[in-house]
Amino acid sequence: MIEPDGRWQPNDREVSSKVIDGEAIIIRLSDGIYYSMDKAGGVVWGMIEERRSGDEIAAAVAVQYDVSPDQARDDVLRLLQELVNERLIVAASDAPPPIASPPSPASGQGVYAPPRLNIYRDMGELLALDPPAPGLMDITWTDSTNKS
Amino acid sequence: MRVLMWTESFRPAIGGVEVFVECLARSLRERGHDVTVVTNHRDPGLPDEDELDGVPVVRVPFYAALASGRPEAIAHVRHQVADLKRRLRIDLVHVHTMSASVLFHLESARAWPAPALLTMHGGPELPHRGGETATLAHRLFERAAWICCCSRAVRAQLVAAEGPLARDRSSVVYCGIKEPAIAPVPRPIAQPRLLCLGRLVDLKGFDVALAAFARVGARWPAARLIVAGDGPARRQLEAQAVALGVSGAVDFVGWVEAGKTAALINTATAVIVPSRRESLGLVAVEAGLLERPVVATSVEGLPEAVEHGVTGLLVAPDDSAVLADAIGVLLERPDMADAMGRAGRRHARARFSWTRTVDEYDARYRQVTEETAHDRTGRTLAAE
């Protein structure tokens, strides 16, 4: 059961994640399962990275999208439960950092759809079928945040 | 039509899928389609963009990004793929085999929506997950506009795994094969040459062929076994030949270029395909085109490539005794074996014609893109 005022953070011991271009990319490193969430889901993960509570996250979603606070709250708590079940988030261990800037309403995020966690459970298995060639692991990756 | 042909592995890697994709890309380009191959960047020594005999190839580090476990790396490659689709103004993505790299096609669909045609080449690409739908494989099957299977056996496996989702949107398009430029020559009879051709991996069952050959050699001491191909099992197979006392009669000739396999098959008395798994078995088809009888296992798609008692003999996998017996039958009865060879050529030409394969893909491309355009128009009108 997810308490609305409980704060959450990524399960950093098992998970590598980042929000890029509004989409959360999450990898459970222990078994290679790949997850993604876009639109409202990206907003939710960004707030989890800031160690926010379910209520705070739902408020942010309701501000950014045309959705009632009750609907946003239900959707966010359901998603948080799913993230807990997948071991992607854990209860936050300390106080949240200060909010840099409050989310602005009507920020052009588009039509609301309940946040959805895309799950690819076979990714680790598929990767194991064909591991990359030696040497490729040394590629220096750049952040593509600035690209369209 | 601008087509992105998506394959996890491509030249210089050699394999059935690699050769098929290259031939299909070239044939479709000859018919006016603008085909670009996109593949995994395996070798840092190769350029990102290349042209191989007139076919543009783009290499993208799919696996390195995924295996890094770094979201930034994955996002970077996803942008690369989206940019590529946009730059080439792709009308259709033709995905060959289910692989981890497909994630980048699916996750760039929003940036450049183009319908996908999937070809299932079989093999280990259908991990059975007991109805699990939260998988890349399921998502691809769900999103694909149409699924072409390289054999009836592969389609049956797909439908068993995915049910109506695959049954109602799939068909068999045999991986055809171009007729060799050379004509069949008479088979050597007095000094039999048995040929195994393929990757030297456990699934090919060449260890069973070696054990069978040891039995055959006892009765036909002039017989030789030619093992053409390479792979991780080579050292083990060479050691097995020594242990069986047949190393002097077995030739491990290594990789044979795709264009030279016909000449090698033409020197064989019979072609042995002892696979433990085989989605179709194009080696058996090519053997038929050169009027060589085939002894193959009755697994998966091989009974579609080899008609038992007509173009060759089918035996149970993993049984060197029955394999040796079947080879013995062909060696004892050369007239029957010759007739099987001739029947094999007719069978290969009728069922596995390359022109037919290209025709079927050409037609399917047009159907998929027309249906997608129709859907878009319908949606647009509905929205208005």
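Conventions used here
Residues numbered from 1 in each chain as written. Chains lettered and ligands numbered in written order. Predicted model: local features only at pLDDT ≥ 70, side-chain atom pairs only at ≥ 80, totals over all residues. Helix = DSSP H or I, 4+ residues; strand = E, 2+ residues; numbered from the N terminus. Buried ≥ 20, exposed ≤ 12 C-beta atoms within 10 Å, placed from the backbone. Contact = placed C-beta atoms within 7 Å. Domains from an automatic or database assignment. Core = buried A, V, L, I, M, F, W, Y, C linked by C-beta atoms within 7 Å. Pairing = 2+ DSSP bridges. Axes fitted to C-alpha atoms, helices over the stretch in contact; angles between N-to-C directions. Expected span 1.5 Å × (residues − 1).

## Focus on the overall build of chain A
Across its full length, chain A carries 4 helices and 6 strands. Along chain A, from the amino end to the carboxyl end, the secondary structure elements read β-β-β-β-α-α-α-β-β-α. A total of 148 residues make up chain A; the buried ones form 39% of that total. Long-range pairs, those at least 24 residues apart, make up 66% of the contacts in chain A with a sequence separation of at least 6.

## Structural notes on the domain arrangement of chain B
Residues and elements named next belong to chain B. Domain annotation of chain B identifies domain 1 (2-176 + 354-383) and domain 2 (193-351). Using C-alpha coordinates to define each centre, domain 1 is positioned 32 Å away from domain 2. Every contact between the two is made by 14 residues of domain 1 and, on the other side, 10 residues of domain 2. Examining the composition of the side of domain 1 that touches domain 2, we find that 3 residues originate from one element, helix α6 (residues 152-162), more than from any other.

## Notes on the nonpolar core
Among the nonpolar cores identified, the biggest contains 154 residues, and Val44 and Val61 of chain A together with Val271, Ala284, Val295 and Ile327 of chain B are the most heavily contacted of them. In terms of residue count, helix α8 (residues 206-219) of chain B provides more of this core than any other element does, 9 residues in total. Other than its neighbours up to four places away in sequence, Val44 of chain A contacts Met37, Ile57, Val61, Val76, Leu79 and Pro115 of chain A.

## Observations regarding the sheet that holds strand β6 (residues 116-120) of chain B
Residue and element names in this part refer to chain B. The strand order β3-β4-β2-β1-β5-β6-β7-β8 describes an open sheet built from 8 strands, whose pairing is mixed. The strands lining the two open edges of the sheet, one partner per strand, are β3 (49-52) and β8 (170-172). In this sheet, neighbouring strand axes are inclined to one another by 25° on average, regardless of whether the strands run parallel or antiparallel. Pairing between strand β5 (residues 92-96) and β6: 4 bridges, direction parallel.

## Things to note about helix α3 (residues 71-88) of chain B
Look at α3 of chain B: 26 Å from first C-alpha to last across 18 residues, which is about the 26 Å you get at 1.5 Å a residue. Looking at α3 of chain B, one finds that the buried residues are Pro71, Ala73, Ile74, Ala75, His76, Val77, Arg78, His79, Gln80, Val81 and Lys85 of chain B. Buried residues along α3 of chain B sit against β2 (15-20) and β3 (23-28) of chain A together with β1 (2-7), β4 (55-60), α2 (62-68) and α4 (102-106) of chain B. Just past α3 of chain B, the residue Arg89 of chain B takes up positive phi, approximately 50°.

## Section: the environment of Ala190 of chain B
Residue placement: Ala190 of chain B occurs in the loop between β8 and β9 (193-197). Distance from Ala190 of chain B to Ala337 of chain B, taken between C-alpha atoms, is 14 Å for residues 147 residues apart in sequence.

## Quick look at the environment of Val315 of chain B
All names here are of chain B. Within the secondary structure, Val315 is located in strand β14 (residues 312-315). For the pair Val315 and Val295, spaced 20 residues apart in the sequence, the C-alpha separation amounts to 7.5 Å. What Val315 contacts, discounting residues up to four positions off in sequence, is Val295, Thr297, Ser298, Val322, Leu323 and Ala326.

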